[in-house]
Amino acid sequence: TQLLEQSPQFLSIQEGENLTVYCNSSSVFSSLQWYRQEPGEGPVLLVTVVTGGEVKKLKRLTFQFGDARKDSSLHITAAQPGDTGLYLCAGAAMKTSYDKVIFGPGTSLSVIP
Amino acid sequence: KAGVTQTPRYLIKTRGQQVTLSCSPISGHRSVSWYQQTPGQGLQFLFEYFSETQRNKGNFPGRFSGRQFSNSRSEMNVSTLELGDSALYLCASSLAAPLLAGGRQETQYFGPGTRLLVL
């Protein structure tokens, strides 16, 4: 059972465009993290959100945690080729049986110059 | 501070063989987690070690095992390799644990991975 779903699976856009990717679950999460993974490298943490409704900004990236803590979104403004990569969300479910971090399948983003 | 290092970076094995992968965490980090990443399944948790003890384990068969040494370096071993074991194996280190009390996620620092191809 996939606890975390991400959409879209693939996204190809032109430089300068805006985009939003989503991370959804039927479970409530204590916190959610977003990572970016570039080809040939391991994932790198971008942000951690812990409070329902929380919004965090990292330069052109805006992260939001849903009020019910079941979903999150990542919005990129004026995408650049350097934003290309696999975006992964990772969460810690609040169910007691889940005591480990779960990763979503990722959104593969390609920004074309 | 040096990052997480993994060796080897690439490996080709044949079915039935066994393989050992190594991970050196960031200095001072005591928790090491291992993940398998494949295009179909994404990042799947294998196990987590802290102070030479396995604290958590994912849903993988017993062919997958690991250990941690007193200097926090960790190894994982896969015996009797199958074609489906072809994947990118990632190791991540964190100060104390990927998850802290109350479900708060700690920062995990990932290595570049070992890409294993089983023929």
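Whatever comes next refers back to the structure up there.
Residues numbered from 1 in each chain as written. Chains lettered and ligands numbered in written order. Predicted model: local features only at pLDDT ≥ 70, side-chain atom pairs only at ≥ 80, totals over all residues. Heavy atoms only, no water.

J.: Help me get a handle on the sheet that holds strand β7 (residues 64-68) of chain B, residues and values and all.
T.: Residue and element names in this part refer to chain B. Within the open sheet, the 4 strands sit side by side as β1-β3-β8-β7. Their pairing is antiparallel. The open sheet is flanked by β1 (5-7) and β7, the only strands paired with a single partner. Taking each pair of neighbouring strands and ignoring which way they run, the sheet shows an average axis angle of 20°. (Pairing = 2+ DSSP bridges. Helix = DSSP H or I, 4+ residues; strand = E, 2+ residues; numbered from the N terminus. Axes fitted to C-alpha atoms, helices over the stretch in contact; angles between N-to-C directions.)

J.: Tell me about the packing of aromatic side chains, and please be specific about residues and values.
T.: Residues and elements named next belong to chain B. Counted according to the given criterion, the structure contains 9 aromatic pairs over all chains. An angle of 65° between the planes, with centres 5.2 Å apart, marks the rings of F60 and F64 as edge-to-face. A relative accessible area of 16% means that F60 is categorised as buried. (Phe/Tyr/Trp six-rings, centres within 6.5 Å; stacked < 30°, edge-to-face > 60°. Buried < 20%, exposed > 50% of the residue type's maximum accessible area, 1.4 Å probe, protein only.)

J.: Mind laying out the sheet that holds strand β3 (residues 19-24) of chain A, listing which residues take part and the relevant values?
T.: Residue and element names in this part refer to chain A. Spatially, β1-β3-β8-β7-β6 is the arrangement adopted by the 5 strands of the open sheet, whose pairing is antiparallel. This sheet does not close on itself; its edge strands, each paired only once, are β1 (5-7) and β6 (55-58). The mean angle between the axes of side-by-side strands here comes to 15°, regardless of whether they run parallel or antiparallel. Pairing geometry for β6 and strand β7 (residues 61-65), over 4 bridges, is antiparallel. Bridge pairing in β7 places V55 opposite Q64.

J.: Provide a residue-level description of the state of the cysteines, including the pertinent values.
T.: Residues and elements named next belong to chain A. This model, assessed by the stated rule, comprises 2 disulfides over all chains. Each sulfur of the disulfide joining C23 and C89 lies 2.1 Å from the other. On the S-S bond that ties C23 to C89, the torsion sits near 75°, and the link is right-handed. Pair noted here: C23 is in strand β3 and C89 is in strand β9 (residues 85-93), with a separation of 66 residues, a long-range link. Classification of C23 by relative accessible area gives buried; the value is 0%. (Disulfide = S-S within 2.5 Å.)

J.: Help me get a handle on the side chain of A:Q6, residues and values and all.
T.: Residues and elements named next belong to chain A. Along the chain, Q6 turns up in strand β1. Judged by its relative accessible area of 10%, Q6 is buried. Only 3.0 Å separates the side chain of Q6 from the backbone oxygen of Y87, close enough to count as a polar contact. One polar contact links the side chain of Q6 to the main-chain amide nitrogen of G106, over a distance of 2.9 Å. Residues within four places of Q6 in sequence aside, it is in contact with Y22, C23, W34, Y87, L88, C89, G104, P105, G106 and T107. (Polar contact = N/O pair within 3.5 Å; in protein donor to acceptor, adjacent residues only side chain to side chain. Contact = heavy atoms within 4.5 Å.)

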